[in-house]
Amino acid sequence: MVRQAWVVAIAAMVASCAAPGGQAPQMQAKAEPKPIPEIRPGYLAGYLPMGGAPNSLAILPGPPAAGSPAQARDDAAAKAAIALNGGPRWSVAVQDAELKFPAAAETFSCALGVKVSAETTPRLYTMLRRTLVDTGLSTYPTKTKFQRQRPFMVNNTPMCTPQDEAELRKDGSYPSGHSAIGWGWALILAEAAPDRATEVLHRGRAFTQSRVVCNVHWLSDTEEGRMMGAATVAKLHDNADFKADLEAAKAEIAAARAAGQAPTRDCAAETAALANG
């Protein structure tokens, strides 16, 4: 994930922000929800308590071994992605690398067919911010154990966010935290707007593929990242605050559509760039 150092800070801060009994502060299902604390500037506390995400070490296998057919598949995908450097698909991948809000809120706006923002869809906006932390942190037990090198460290070719290279070199590649976040968002948004589920899930898969295009993750990193995103979303469905926000998000999306709140991104250009993956 871009700016990986935030995860270490989050891990420490969630523990200190946790409510009695080890539970992170939870949004109440009321007309006027309580403010959610930031556990680091720009990052809200998730719905799950620290350590409450699914155990990635118990779910995922280890990364592909050197010389294995699985690693050969990863190598081939990385080689194919390098050819996209500098093109329209590369530009989308650069955009997808940004996880900071408000920019990240618009990632799925074209797929949803509606503008997503703190002003137009406030509960949805907050839900995306909170689930970023839940899904992203779910990958870290496995990342920390294996510390897999990223593709750009192996093939010595450019990656899409060179400003983040120093931090990414210290952060394990497997599984992809970005992919866990993006696929988690896709699953949530597909439920919030079922009539747009196909478009949203296609965009979610493309979001994870952007990490391969960026030359910062192997294909298998993204696939297992999606697994952790799905596992975390499944667990979130047992959280009352998450379910309340999901219901509110459904209503917000419908209201934003009715009000003509169209996406601000160039959706035609995005669709063209993603047409081939």
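Residues numbered from 1 in each chain as written. Predicted model: local features only at pLDDT ≥ 70, side-chain atom pairs only at ≥ 80, totals over all residues. Heavy atoms only, no water.

What to know about the packing of aromatic side chains
- What the rule picks out here adds up to 6 aromatic pairs.
- Measuring from centroid to centroid gives 5.6 Å for Y47 and F242, while their planes differ by 85°, and the two rings are edge-to-face. Residue Y47 is located in the loop between β2 (43-44) and α2 (56-59), and its partner F242 is located in helix α13 (residues 240-258); the two are separated by 195 residues in the primary sequence. The same class applies to Y47 as to F242, namely buried.
- Their ring planes at 25° and their centres at 6.4 Å tell us that F108 and F207 sit as a pair that is stacked. Of this pair, F108 sits in the loop between α4 (88-96) and α5 (109-112) while F207 is found in helix α11 (residues 197-213), placing the two residues 99 residues apart along the sequence. F207 matches F108 in its accessibility class, with the two residues each being buried.
- Ring pairs connect the aromatic residues F101, F108, Y125, W185 and F207, which therefore count as one cluster. (Phe/Tyr/Trp six-rings, centres within 6.5 Å; stacked < 30°, edge-to-face > 60°. Helix = DSSP H or I, 4+ residues; strand = E, 2+ residues; numbered from the N terminus. Buried < 20%, exposed > 50% of the residue type's maximum accessible area, 1.4 Å probe, protein only.)

Here we look at unusual backbone geometry
- Note that the residue after F101, namely P102, is joined by a cis bond; omega there is 15°.
- Looking at the element boundaries, P102 is found in the loop between α4 and α5.
- The step from Y174 to P175 runs through a cis peptide bond, and the omega angle for that step is -10°.
- In this fold, P175 is placed in the loop between α9 (165-169) and α10 (177-192).

Focus: the side chain of T232
- Relative to the assigned elements, T232 resides in helix α12 (residues 219-236).
- The class of T232 is buried, set by a relative accessible area of 0%.
- The contacts of T232, once residues within four sequence positions are left out, are L48, P54, D134, T135 and S138. (Contact = heavy atoms within 4.5 Å.)

Notes on the environment of A77
- Summarising the element assignment, A77 is placed in helix α3 (residues 69-82).
- Given the relative accessible area of 19%, A77 is considered buried.
- For the pair formed by A77 and V213, sequence separation is 136 residues and the distance between their alpha carbons is 9.0 Å.
- Setting aside residues no more than four positions away along its own chain, A77 makes contact with V212 and L219.

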